Amino acid sequence: MEQMQQEEKKRLTAWERQLLIRDKNRPTVRDYIPRIFTDFYEMHGDRGFGDDGAIIGGIGRLNGLPVTVLAQVKGRNLKENKASNFAMPHPEGYRKALRLAHQAEKFHRPVICLIDTPGAFCGVEAEERGQGEAIARNIAEFMMLKTPVVSVVLGEAGSGGALALGVCDALAMLENALYSVISPRGAASILWKDASREQDACEVMRITAEDMVEFGVAEAIISEPEGGAQNDIDKISGNIKEYLVKTIAEKLQKNIDVLQKERYTKFRKIGVFEEN
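These figures come from a predicted structure and were not determined experimentally.

*Asks:* Report on the overall build of the protein chain, specifying residues and quantitative values.
*Replies:* Assigned secondary structure in the protein chain consists of 12 helices and 8 strands. Projected onto its principal axes, the C-alpha positions of the protein chain cover 50 × 45 × 45 Å. Per-residue burial over the protein chain gives 53% buried out of 276 residues. Considering only contacts within the protein chain whose residues lie at least 6 apart along the sequence, 72% involve residues at least 24 apart. Accessible surface for the protein chain amounts to roughly 13100 Å². Of this, 53% is attributable to carbon and sulfur atoms. Taking the average place of the 37 positive charges on the side chains of the protein chain and the average place of its 41 negative ones, the gap between the two points comes to 4 Å.

*Asks:* Outline the pattern of salt bridges, supporting the account with residue identities and numerical values.
*Replies:* Scanning the model with the defined rule gives 22 salt bridges in all. Among the salt bridges present, the one from Asp-51 reaches Lys-96, with a minimum N-O distance of 2.8 Å. In this pair, Asp-51 sits in the loop between strand S1 (38-43) and strand S2 (55-62) while Lys-96 sits in helix H4 (residues 91-106), placing the two residues 45 residues apart along the sequence. Given the relative accessible area of 39%, Asp-51 is considered partly exposed.

*Asks:* How would you summarise the packing of helix H2 (residues 29-36) against helix H11 (residues 233-252) if you had to cite specific residues and measurements?
*Replies:* The geometry of H2 relative to H11 is characterised by a closest axis approach of 9 Å and an angle of 60° between their N-to-C directions. By the criterion of interaxial angle, the relationship of H2 to H11 is oblique. Remark: the crossing between H2 and H11 carries right-handed chirality. Seen from H2, the contacting residues are Asp-31, Tyr-32, Arg-35 and Ile-36; seen from H11, they are Ile-233, Asp-234, Ile-236, Ser-237, Ile-240, Lys-241 and Leu-244. Residues belonging to the contact of H2 with H11 are distributed by class as follows: 6 nonpolar, 1 polar and 4 charged.

*Asks:* Would you mind going over the nonpolar core in detail, with residue names and values included?
*Replies:* Counting 62 residues, the largest nonpolar core has Phe-142 and Leu-244 as the members making the most contacts within it. Discounting chain neighbours no more than four positions away, the residues touching Leu-244 are Ile-36, Phe-37, Leu-62, Ile-112, Val-150 and Val-152. Trp-15, Ala-187, Ala-201 and Cys-202 belong to the second-largest nonpolar core, a separate cluster that totals 11 residues.

*Asks:* Give a detailed account of the packing of H4 against helix H6 (residues 131-143), specifying residues and quantitative values.
*Replies:* The contact between H4 and H6 brings their axes to 8 Å, and the two run at 20°. On the basis of the axis angle, H4 is roughly parallel to H6. Pair H4 / H6 crosses with left-handed handedness. Of H6, the residues touching H4 (which contributes Pro-91, Tyr-94, Arg-95, Ala-97, Leu-98, Ala-101 and His-102) are Gln-131, Glu-133, Ala-134, Ile-135, Arg-137, Asn-138, Glu-141 and Phe-142.

*Asks:* Kindly report on unusual backbone geometry, identifying the contributing residues and their values.
*Replies:* The residue His-108 is not glycine, and still its phi comes out positive at about 60°. Of note, His-108 is situated in the loop between H4 and strand S4 (111-117).

*Asks:* Summarise the packing of aromatic side chains; cite the residues concerned and give the values.
*Replies:* What the rule picks out here adds up to 0 aromatic pairs. If you follow Lys-266 out to its NZ or CZ, it ends over the ring of Phe-267, 5.2 Å from the centre.

*Asks:* Please give an account of the confidence of the model for the protein chain that cites residues and values.
*Replies:* Atom-level detail of predicted coordinates should not be read off regions where pLDDT is low. Residues of the protein chain with pLDDT of at least 70 account for 96%, and the chain-wide mean is 93. The model gives residues 1-7 a pLDDT under 50, and that stretch makes 16 contacts with residues more than four places away or in other chains.

*Asks:* Let's hear about the side chain of Asp-116: which residues, and what values?
*Replies:* Tracing the chain through its elements places Asp-116 in strand S4. The exposure class of Asp-116 is buried, given its relative accessible area of 5%. Side-chain polar atoms of Asp-116 contact the side chain of Lys-74, separated by 3.4 Å. In this structure, Asp-116 is in contact with Gln-72, Lys-74, Ala-87, Leu-154, Gly-155 and Glu-156, ignoring residues within four places of it in sequence.

*Asks:* Got a sec to walk through the pairing of S4? Specific residues and values, please.
*Replies:* Most of S4 is tucked away: 7 of the 7 residues are buried. Side chains Val-111, Cys-113, Ile-115 and Thr-117 project from S4 onto one buried face, and the interleaved Ile-112, Leu-114 and Asp-116 project onto a second face that is buried too. Relative to S4, strand S3 (residues 65-72) is paired through 4 bridges, and the arrangement is parallel. Note on S4: the bridge partner recorded for Leu-70 is Cys-113. For S4 and strand S5 (residues 149-158), the ladder comprises 6 bridges, and the chain directions are parallel. Looking at the pairing, Cys-113 lines up with Ser-151 of S5.

Reading the values: rules and limits
- Residues numbered from 1 in each chain as written.
- Predicted model: local features only at pLDDT ≥ 70, side-chain atom pairs only at ≥ 80, totals over all residues.
- Heavy atoms only, no water.
- Helix = DSSP H or I, 4+ residues; strand = E, 2+ residues; numbered from the N terminus.
- Buried < 20%, exposed > 50% of the residue type's maximum accessible area, 1.4 Å probe, protein only.
- Contact = heavy atoms within 4.5 Å.
- Areas by Shrake-Rupley, 256 points an atom, 1.4 Å probe, with all protein chains shown as cover.
- Lys, Arg positive; Asp, Glu negative; His and termini not counted.
- Charge placed at Lys NZ, Arg CZ, Asp CG, Glu CD.
- Salt bridge = Lys/Arg side-chain N within 4 Å of Asp/Glu carboxyl O.
- Axes fitted to C-alpha atoms, helices over the stretch in contact; angles between N-to-C directions.
- Parallel < 35°, antiparallel > 145°, perpendicular 65-115°, else oblique.
- Left-handed = near helix turned anticlockwise from the far one by under 90°.
- Nonpolar A, V, L, I, M, F, W, Y, C, P; charged D, E, K, R; others polar.
- Core = buried A, V, L, I, M, F, W, Y, C linked by side-chain atoms within 4.5 Å.
- Phe/Tyr/Trp six-rings, centres within 6.5 Å; stacked < 30°, edge-to-face > 60°.
- Lys NZ or Arg CZ within 6 Å of the ring centre and 35° of its normal.
- pLDDT = per-residue confidence, 0-100.
- Polar contact = N/O pair within 3.5 Å; in protein donor to acceptor, adjacent residues only side chain to side chain.
- Pairing = 2+ DSSP bridges.

Written out as structure tokens, the structure reads:
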């Protein structure tokens, strides 16, 4: 993976990154999947309610290695966004992801999660079908999954909607990606009762890739071309693929009991602090 040279690049502010990752030309999983994986076969449905267009799930090969891919879908136009519910999954999307993760566990396939969502859908119908339970179950069961799990944040990673696919052995973030417990607009509405202060909230929330590595939430930052991933899709796809190949090879060498223990410890220590 091309390592990012921070001192040689102008570091964008969190707000500038938010504008960049919401650009309609930014690559989506539909750009990345065919460039990173071969023989990808999509699978549908949660075997309970239906299929959710906000999450793509399927089997493919990464440098010849069979893997399961779970990816949140953003669109580039209104038609695509309506089909994927603007990348906000319903509970059946998370249940589909969990079904395929258990299938991967059964056949000893590593799981790769590509995260790009402003958050889980919060509509009445999603709550009626158990949105909170679906997210909580994913978090609990991914924690003990008996196969390597590697996640990459491509753009936005909002709250539990992202964490449901973010419980993993290693988390990487694209250079301009953001990971937050709530959207900056939502935070501004709570903190200052003024959603128009979204930019102020964005800058104080500590949600950049560098912040996440510092906090121990993420392990790696994947370099983007100058001006963002949209300026060279092939290059950024190559950077992501190189990271995945290297990281999965490392995780496959570990005993599954060790892998589970390290995964659990990684999340238990997030947010721990000491007072002097």
